[in-house]
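Structural overview for review
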Amino acid sequence: MTFRHTLLAAACTLGPGLLWAAAPQDPRIAPLLAELGKARHIDATALSPDGRHLAWVVDDNGRSTIQLADIEGRHVQTLTAAKGSDHCAEKGIAWSPDSSTLAFLSRCGDPGHRQDDIYTVKIDQPAIAHRWTHLQGYAAHLSWAPDGHHIGFLYVPGATRVASALAAAKPAEGEIGVDGLEIQQVMELDTRDGSAHALTTADDYAYEFSWAPDSHSIAYTAAPPPGDNNWWVARLYTIGTAPGSQPRQIVDPAIDPSSLHGLQIALPRWSPDGRRLAFIGGLMSDQGFTGGDIYEVASQGGPVLDIMAGSHVTANWFQWQGEHKWVVDAMVDGHAQLSSAIQDGHGQLQLRPWFTLPATIGDGSAVGAVSLSANLHHVAFVQSDYSHAWEIHAGTLDKTPPPAVTHFNADRRPAWGPARSVEWDHEGYHVQGWLLYPADYDPAKRYPMVVSIHGGPSGAVLPSWPGVGYGAAPLAALGYFVFMPNPRGSYGEGEAFVQANRRDFGYGDLRDILAGVDTVEKLVPVDDQRLGVTGWSYGGYSTMFAVTQTHRFKAAVAGAGIANWQSYYGENLIDQWMKPFFGATVYDDPAIYAKSSPISFIKQVTTPTLVLVGDRDAECPAPQSFEFWHALRALKVPTSLVVYPGEGHHFVNPQHQRDVLQRALEWFQRYLPASH
């Protein structure tokens, strides 16, 4: 039996059945899952440059649909490439600079043979969509050039999968490392004649790009292939759009002598005069979850300046407002904060918040991104928190957060209690987390509590409406407190805080978390003898490590975790992320990897632990979950392993998503019951 067959044999037949001995199922779980599934997710929104219209992408019975409305959310109409009996799924909206035209990606026809292609529609003729491409590959991230004639996009010709390390990896079979690599390039579509050509070379894998103000150049980040692995060492380039143009390297973080050295870069943007480039640099765990300081460099290259040096916030997204003025969205103490910013005489940004929200906001293009009108008078974004499911908020940009202009989820009501921000100081750090109260909270009672640790480690918990899938928030509906800390290594307290767990995985961050638990127990009636812990990705690792370090937790659920950093180094497909965090490769300093490995302390575990993972996870491969589960089983610790076929680090099969949540809820109900 091959190793792959072993993986699949270890997975149960997915469905309502459980691996462990059947316990009476809480009758509240099925209705809770059903209710979570009723919320409609809004994937993206875009405000027209003239500030008059909104477009958005909304889930429509499992299919994404584009709708157009005025800025108040009225006069809604659906835009589609469908003709006749076609069934299309659409996404990727982008407005032309003159606000007359919306570009989007659409895939129509047989679900098994669909391909995204680029369409445009004039908003004064919304029923007529023009198809521009007949692609054979993966396309994403449409962006109009300022001249209004060209559309840039990312493209992987002949792609066999979504271009992301979070997606399911190719099956590991045949001779490894010799197959042709899939290369993502920046493409340019000319809407005057329909021609398209690559702007970047096939020697490098491009990740993000932006147009120069004159439309004759782009700035982009890229690295040699394979693309999934090398985002962590990407460099910043510019290249002209004229045929034969050659790339110019602007920044290489690996050799940069400034504070950027060895960090990751994302979100390149041109200044309005085209003379400078800015980007976000920081210690980041995953492409797409951007966070750090904003850096600036001349567009021809030169010294790199951290214009947020020493800041105690984490920038996630920004846009130039003028030569020395900016709009910045940042994470601050577990909140989203949108600010204007101006550079002082030393070039440093001084942030002036418009508003701070206990919520998650974004427009679908990047974490924390908002959609602005050309004159920067209006703003739009998708917002959710623990009390409100996704809606689009739009209005004038001032100190008052804009109101909701859609009502897709107006009838959704939380099945759990309110959320509370909790802050504490520990070992010289200021730390924050979110506490979700149980439903029907009675201060005279004592409750169990589950600690939910976020992934990353460079990441953060901001309030957001839970979906049907992995997440601890629904436990509050079953009678638990749910505590979601942002310990050292998290966004929201500045870059020094993000980097505070370098070469210290599992130690300082766990101490922060336990100090947070102590703080919560002084505020609300938590039963310290009924604590649980859970997490996915780095949170899955943290769960595995926590149960080797303390017996305070009586039940655990570890999703896509890491049991052994030494073996993990040779199993994952993204090893480039590890050296910035550990300071050396595993071959140069194996001890630093062993120090933080749960397997090194495995004989101390007594906590019943459910282990969940996708069988094609490139970031946290399934063998890590097998290793942890195998050890617990050998040590007679109650455990169960569920492997989901065809899934990567982020699950996409709705049945699998639901199954993960159901199993997690039932595991805690079995080993950490909400009532005695």
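Conventions we followed
Residues numbered from 1 in each chain as written. Predicted model: local features only at pLDDT ≥ 70, side-chain atom pairs only at ≥ 80, totals over all residues. Heavy atoms only, no water. Helix = DSSP H or I, 4+ residues; strand = E, 2+ residues; numbered from the N terminus. Rg over C-alpha atoms; globule rule 2.2 N^0.38 Å. Buried < 20%, exposed > 50% of the residue type's maximum accessible area, 1.4 Å probe, protein only. Contact = heavy atoms within 4.5 Å. Areas by Shrake-Rupley, 256 points an atom, 1.4 Å probe, with all protein chains shown as cover. Lys, Arg positive; Asp, Glu negative; His and termini not counted. Charge placed at Lys NZ, Arg CZ, Asp CG, Glu CD. Axes fitted to C-alpha atoms, helices over the stretch in contact; angles between N-to-C directions. Left-handed = near helix turned anticlockwise from the far one by under 90°. Nonpolar A, V, L, I, M, F, W, Y, C, P; charged D, E, K, R; others polar. Disulfide = S-S within 2.5 Å. 1 Å grid on protein atoms, 1.4 Å probe; cavity = no way out; pocket = protein on both sides within 12 Å on 5 of 7 lines; lining within 4 Å. Points joined across faces, edges and corners; volume = space filled by probe spheres on them. Core = buried A, V, L, I, M, F, W, Y, C linked by side-chain atoms within 4.5 Å. Pairing = 2+ DSSP bridges. Salt bridge = Lys/Arg side-chain N within 4 Å of Asp/Glu carboxyl O. Expected span 1.5 Å × (residues − 1). Phe/Tyr/Trp six-rings, centres within 6.5 Å; stacked < 30°, edge-to-face > 60°. Polar contact = N/O pair within 3.5 Å; in protein donor to acceptor, adjacent residues only side chain to side chain.

On to the overall build of the protein chain, then. For the protein chain, the helix and strand inventory stands at 11 helices and 36 strands. Taking 2.2 N^0.38 as the reference for a compact globule, 676 residues should give roughly 26 Å; the C-alpha atoms of the protein chain span a radius of gyration of 24 Å, in line with that estimate. By the burial criterion, 60% of the 676 residues in the protein chain qualify as buried. Pairs at least 24 apart in sequence give 59% of the contacts found in the protein chain among residues at least 6 apart. A total of about 26100 Å² of accessible surface is found on the protein chain, and carbon and sulfur atoms cover 53% of it. Within the protein chain, the 69 negative side-chain charges are centred at a point lying 5 Å from the centre of the 46 positive side-chain charges.

Where helix α2 (residues 29-38) contacts helix α11 (residues 654-671), the two axes come as close as 11 Å, and the packing angle between them is 145 degrees. The crossing of α2 and α11 is right-handed. In contact with I29, A30, L32, L33, A34 and L36 of α2, α11 contributes R658, L661, Q662, L665 and E666. For the contact of α2 with α11, the class distribution of residues is eight nonpolar, one polar and two charged.

Right, let's talk about the state of the cysteines for a bit. Under the defined criterion, the tally for this structure stands at one disulfide. The side chain of C88 participates in a disulfide bridge whose partner is C108; the two sulfur atoms lie 2.0 Å from each other. Taking the torsion about the sulfur-sulfur bond, which here is approximately 110 degrees, the covalent link between C88 and C108 counts as right-handed. Remark: C108 occurs in strand β6 (residues 101-108) and C88 occurs in strand β5 (residues 88-95); sequence separation between them is 20 residues.

Glancing now at empty space enclosed by the protein. Overall, the coordinates contain five cavities of 30 Å³ or more when judged by the stated rule. In this structure, the largest cavity is lined by S285, D286, G456, S537, Y538, I562, W565, Y568, I574, W577, E619 and C620. The residue inventory of the lining of the largest cavity, partitioned by class, reads seven nonpolar, three polar and two charged.

Grouped together as the largest cluster of nonpolar side chains are 178 residues, with contacts concentrated most on I294, W326, M449 and W565. Discounting chain neighbours no more than four positions away, the residues touching M449 are L435, F481, V482, F483, V517, V520, V526, R530, L531, G532 and L672.

Across the sheet, four strands lie side by side as β9-β10-β11-β12; this open sheet has antiparallel pairing. Edge positions in the sheet fall to β9 (137-144) and β12 (196-198), since each of these pairs with one other strand and no more. The average angle at which neighbouring strand axes cross in this sheet is 30 degrees, direction not considered. Of the strand pairs in this sheet, β9 and strand β10 (residues 150-157) are connected by six bridges, and their pairing is antiparallel.

Here the amide bond leading from P225 into P226 is cis, since omega sits at 5 degrees, within 30 degrees of zero. Counting through the fold element by element, P226 comes out in the loop between β14 (217-223) and α3 (227-230). With an omega of 15 degrees, the peptide bond running from G456 to P457 counts as cis. Positionally, P457 belongs in the loop between β31 (447-453) and β32 (481-486).

Our next topic: the environment of D425. The topology assignment puts D425 in strand β29 (residues 419-426). Residue classification places D425 among the exposed positions, given a relative accessible area of 63%. With 203 residues separating them in the primary sequence, D425 and A222 have C-alpha atoms 39 Å apart.

Attention now moves to the sheet that holds strand β13 (residues 205-211). Pairing is antiparallel across the open sheet formed by four strands, whose spatial order is β13-β14-β15-β16. With partners counted over all chains shown, the strands left at the sheet margins are β13 and β16 (248-251), one partner each. In this sheet, neighbouring strand axes are inclined to one another by 30 degrees on average, regardless of whether the strands run parallel or antiparallel. With three bridges connecting them, strand β15 (residues 235-240) and β16 associate as antiparallel partners. Of the residues in β16, the one forming a bridge with T238 is R248.

Glancing now at the pattern of salt bridges. Applying the stated criterion across every chain, the model contains 24 salt bridges. Look at the salt bridges and you will find they share partners, linking E35, K38, D411 and R412 into a network.

Attention now goes to helix α6 (residues 538-549). Between the first and last C-alpha of α6 there are 16 Å, a value that for 12 residues agrees with the 16 Å anticipated at 1.5 Å per step. Among the 12 residues in α6, 11 count as buried, and that is most of the element. Of all the positions in α6, only Y538, G539, G540, Y541, S542, T543, M544, F545, A546, V547 and T548 are classed as buried.

Once that is clear, we can look at the packing of aromatic side chains. For the coordinates displayed, the defined rule picks out 42 aromatic pairs. Ring plane angle 35 degrees and centroid distance 5.7 Å describe the contact between Y441 and Y447, whose orientation is recorded as tilted. Take Y447: its relative accessible area is 2%, and that puts it in the buried class.

Another point: the side chain of N486. As for its placement among the helices and strands, N486 is situated in strand β32. On the basis of relative accessible area, N486 is assigned to the buried category, the value being 3%. Engagement of the side chain of N486 in a polar contact is seen with the backbone nitrogen of V461, the distance being 2.7 Å. Non-local contacts of N486, meaning those with residues more than four positions away in its chain, are made with G334, V431, Q432, G433, H454, A460, V461 and F497.

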